[in-house]
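Overview (structure and organization)
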Amino acid sequence: MTAAVLTWGLGLAQLMLICAMGLAAWRIIHGPRAQDRVLGMDTLYLNGMLLVVVFGIRTNSQLYFEAALVIGMLGFAATVALAKFLMRGEVIE
């Protein structure tokens, strides 16, 4: 019983994360301002990272958790760099 609920819940979580990624991609494409596009990119990488984590839980493999950590660090660095570029016009001072 518990395994069936976990399998069903993880499948539902993956489906919802895929839908959220689609909406974030829509925001990146149709965002009227650059700030909207950065926010969409931030949401897209976060949802991608969570999708990898859910897949790691489903397959019971720790490799996916390490990949999610790398995605999180690179996504954070990219978001900070883009925000700094939008604020000052340059990334490296």
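Just so it is clear, the model here is predicted, and its values are computed rather than measured.

**Observations regarding the environment of Leu-86**
- Counting through the fold element by element, Leu-86 comes out in helix α3 (residues 63-88).
- Owing to a relative accessible area of 36%, Leu-86 belongs among the partly exposed residues under this scheme.
- Residues Leu-86 and Leu-23, 63 residues apart in the sequence, show an inter-C-alpha distance of 23 Å.
- In this structure Leu-86 touches Ala-34, Gln-35 and Val-38, once residues within four positions along its chain are discounted.

**Topic: the packing of helix α2 (residues 34-59) against α3**
- The geometry of α2 relative to α3 is characterised by a closest axis approach of 9 Å and an angle of 175° between their N-to-C directions. One way to sum up the angle between α2 and α3 is to call them roughly antiparallel.

**Topic: the confidence of the model for the chain**
- Taken residue by residue, the chain gives an average pLDDT of 91. The fraction at 70 or more is 97%.
- Here α3 stands out as the element of the chain with the lowest mean pLDDT, 91, in contrast to helix α1 (residues 2-30), whose mean of 94 is the highest.

Rules used throughout
Every chain is numbered on its own, with residues counted from 1 as its sequence reads. With pLDDT at 70 or above as the cut-off, local features in this predicted model cover only qualifying residues; side-chain atom pairs require 80 or more to be listed or tallied, and sums for whole chains, interfaces and linings still use all residues. Excluded from the side-chain calculation are hydrogens and water; included are all heavy atoms of the structure. Starting at the N terminus, helices and strands are each numbered in turn, a helix being any DSSP run of H or I of at least four residues and a strand any DSSP run of E of at least two. A 1.4 Å probe rolled over the protein chains alone gives each residue an accessible area, and that area as a share of the maximum for its type sets the label: buried under 20%, exposed over 50%, partly exposed in between. Note on contacts: a residue pair qualifies if any of its non-hydrogen atoms lie within 4.5 Å across the two residues. Between N-to-C directions, angles span 0 to 180 degrees; the directions come from axes that are lines fitted to C-alpha atoms, helices contributing only their stretch in contact. For this classification, under 35 degrees means roughly parallel, over 145 means roughly antiparallel, 65 to 115 means roughly perpendicular, and everything else is oblique. Each residue gets a pLDDT score, which is the predictor's confidence in that residue and runs from 0 to 100.

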